[in-house]
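Listed below, chain by chain, are the residues.
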Amino acid sequence: MQEELKIFFQIFTTTKDAIEKFMNMLDPVIQNATDEHERLYYHHIYEEEEQRLSRLVVLIPLISKFQQVKDEKDFSPTNNEFNRLLQELNLEKFGLHNFVEHLDLALFRFTDEERSTMLKSLREVSYKDYQQVKQMLIEINSRFDTNYVDPHAHHDEDHDHLDRSTATTVETHTPQTKQRRGFTVGSLI
């Protein structure tokens, strides 16, 4: 379990930094929104990520605490604190999933080179981290035979809808040209 904890620690500290970058990018957009719809849309995403940050502030030290554990008996479903760790990890797996979707949504709006480059980079790392966390938690949950049923498993039952290699393509129209743009989630605006 120690090896998995090292990986979780790295992933979630990286995620925390990525969320902070994303929120810093969204803040001026919210402050200078052209209408109430735009302000509310990005404010909603901002608040969801703000809630994630508050959970990560609790999760990262909890992971760190379990990295110090030497007795394998502490890694047991009978240990309430270990159960809490598993619950938090499973919740943050879904948080990573949502973060990737938020980055995808932002990529529709922020097409300037600086922001789109940053968003694409964050998305690439976050998607890879999401896949790794998902696989690790499948193995960990089965190892401890906790009878855990992932309430979010339906997101990837038929296929991984965040995977851009299988993404659907839609046409976006501009007055002068027709462009094809791939995406993995519907745009809310």
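Up top you'll find the structure we're talking about.
Rules of the game
- Residues numbered from 1 in each chain as written.
- Predicted model: local features only at pLDDT ≥ 70, side-chain atom pairs only at ≥ 80, totals over all residues.
- Heavy atoms only, no water.
- Phe/Tyr/Trp six-rings, centres within 6.5 Å; stacked < 30°, edge-to-face > 60°.
- Buried < 20%, exposed > 50% of the residue type's maximum accessible area, 1.4 Å probe, protein only.
- Salt bridge = Lys/Arg side-chain N within 4 Å of Asp/Glu carboxyl O.
- Helix = DSSP H or I, 4+ residues; strand = E, 2+ residues; numbered from the N terminus.
- Core = buried A, V, L, I, M, F, W, Y, C linked by side-chain atoms within 4.5 Å.
- Contact = heavy atoms within 4.5 Å.
- Axes fitted to C-alpha atoms, helices over the stretch in contact; angles between N-to-C directions.
- Parallel < 35°, antiparallel > 145°, perpendicular 65-115°, else oblique.
- Left-handed = near helix turned anticlockwise from the far one by under 90°.
- Expected span 1.5 Å × (residues − 1).
- Polar contact = N/O pair within 3.5 Å; in protein donor to acceptor, adjacent residues only side chain to side chain.

**Q** What am I meant to see in the packing of aromatic side chains here?
**A** Centre-to-centre distance and the angle between the planes together describe a pair of aromatic rings. In total, this model carries seven aromatic pairs according to the counting rule given. Ring centres of Y41 and Y42 lie 4.7 Å apart, and the angle between their planes is 90 degrees; this geometry places the pair in the edge-to-face category. Residue classification places Y42 among the buried positions, given a relative accessible area of 2%. Connected via pairs of aromatic rings, a cluster forms that spans Y41, Y42 and F110.

**Q** Just to check I follow, could you spell out the pattern of salt bridges for this structure?
**A** Where charged atoms from two side chains of opposite charge come close, those side chains can pair. Summed over the entire model, instances satisfying the criterion amount to 14 salt bridges. Of the charged contacts in the structure, one is a salt bridge between E92 and R55, with a shortest N-O distance of 2.6 Å. With a gap of 37 residues between them, E92 in helix α3 (residues 80-109) and R55 in helix α2 (residues 36-67) connect regions that are remote in the sequence. Residue classification places E92 among the buried residues on the basis of a relative accessible area of 0%. Among the salt bridges present, the one from D112 reaches R115, with a minimum N-O distance of 2.8 Å. Accessibility expressed as a relative area gives 30% for D112, which makes it partly exposed. Classification of R115 by relative accessible area gives partly exposed; the value is 27%.

**Q** In this structure, what is going on with the nonpolar core? I would like to understand it.
**A** As a rule of thumb, nonpolar side chains are buried together in soluble globular proteins. Within the largest apolar cluster, 45 residues are counted, with the highest numbers of intra-cluster contacts made by F8, F12, F22, L26 and L85. Discounting residues that sit within four places of it in the chain, L85 has contacts with L5, L59, L62, I63 and F66.

**Q** How should the packing of α3 against helix α4 (residues 113-143) be read in this particular structure?
**A** The N-to-C vectors of α3 and α4 enclose an angle of 155 degrees; their axes lie 9 Å apart at closest approach. Here α3 is positioned roughly antiparallel relative to α4, judged by the angle of their axes. Relative to α4, α3 is oriented so that their crossing is left-handed.

**Q** It is not clear to me how α3 should be interpreted in this structure. Could you clarify?
**A** Residues lying three or four places apart along an α-helix face the same way, a consequence of the helix completing one turn every 3.6 residues. With 30 residues, α3 extends 44 Å from end C-alpha to end C-alpha; this agrees with the ideal 44 Å at 1.5 Å per step. Counting buried positions over the 30 residues of α3 gives 21, a clear majority of the element. By the N-cap criterion, in which a side-chain oxygen at the helix start approaches the backbone nitrogen of a residue two or three places on, α3 is capped by N79, the distance to E81 being 2.9 Å.

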